[in-house]
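Geometric and topological summary
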Amino acid sequence: MAPGSVDSRFLSVLMCTGWFGDRRGGTELYALEVTTELQSRGYGCAIYSPVLGSLAEEARSVGIEVVDDLDVLSWAPSVIYGQHHPEMMEALLKFENVPGIFFCQNARTWHETPPAHPRIRAYIAYDTPTFDRLVREARVAPERVSVVHQFVDTQRFRPRTALPDRPSR
């Protein structure tokens, strides 16, 4: 199967994020890391963002489709995974009947205001304050919210060797 193509027998995930440009911040790197890992496990992945830059090229170089216009996405997703409210809602409106998951990584910013939509099947909170935001602000039932803390790639970041008993200087 060609890079970026999706076998219809498998789950395909559309990651929606507000920006995927040149800045290597948390939002951008999270989108890149999650889609790269899902792709390595055999899932079809694409990233939608209205703001693209060098990270988009990096994702494309490993076979992830990246678009700034949902009309040009080459396949329909099985699941919409949103990090930011506006882009999540755009994708839910574009792809009728496709379920969504919203991941809230911030307890205060406007673009991470939890959307209320009947096709959002699950909400993920980054920590306790974002859990509280989902439950109080969006009135999401607590049992529909999972807390998933930051992750680390243990293959990429390995423990260092033990320090000596005494410093050499």
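Residues numbered from 1 in each chain as written. Predicted model: local features only at pLDDT ≥ 70, side-chain atom pairs only at ≥ 80, totals over all residues. Heavy atoms only, no water.

Structural notes on the overall build of the chain
Along its length, the chain carries four helices and seven strands. Overall, the chain is about 65 × 45 × 30 Å in size when its C-alpha atoms are taken along their principal axes. Out of the 169 residues in the chain, the part that is buried amounts to 42%. In the chain, the proportion of contacts linking residues at least 24 apart, taken out of those at least 6 apart, comes to 49%. Just so you have it, the chain exposes about 10000 Å², and 53% of that area is on carbon and sulfur atoms. (Helix = DSSP H or I, 4+ residues; strand = E, 2+ residues; numbered from the N terminus. Buried < 20%, exposed > 50% of the residue type's maximum accessible area, 1.4 Å probe, protein only. Contact = heavy atoms within 4.5 Å. Areas by Shrake-Rupley, 256 points an atom, 1.4 Å probe, with all protein chains shown as cover.)

Things to note about the pattern of salt bridges
What the rule picks out here adds up to seven salt bridges. Ionic pairing is found between Lys 94 and Asp 71, a salt bridge with its closest N-O pair at 2.5 Å. Placement of Lys 94 in helix H3 (residues 85-94) and of Asp 71 in the loop between strand E3 (65-67) and strand E4 (79-82) is noted, with a sequence separation of 23 residues between them. Residue Asp 71 is classed as exposed on the basis of its relative accessible area of 56%. Where Arg 136 meets Asp 132, a salt bridge forms, and the shortest distance between an N and an O atom there is 3.9 Å. With a gap of four residues between them, Arg 136 and Asp 132 both fall in helix H4 (residues 128-136), about one helical turn apart. By relative accessible area, which is 27% here, Asp 132 ends up partly exposed. (Salt bridge = Lys/Arg side-chain N within 4 Å of Asp/Glu carboxyl O.)

Topic: the nonpolar core
The biggest cluster of nonpolar side chains holds 24 residues, and the ones touching the most others in it are Leu 14, Ile 80, Phe 95 and Tyr 123. Sorting the residues of this core by element identifies strand E1 (12-16), strand E2 (44-48), H3, strand E5 (100-104) and strand E6 (120-125) as the ones contributing at least two each. The element contributing the most residues to this core is H3, with four residues. Contact partners of Leu 14, with chain neighbours within four places excluded, come to Ala 46, Ile 47, Tyr 48, Leu 70, Leu 73, Pro 77, Val 79, Ile 80, Tyr 81, Ala 91 and Phe 95. (Core = buried A, V, L, I, M, F, W, Y, C linked by side-chain atoms within 4.5 Å.)

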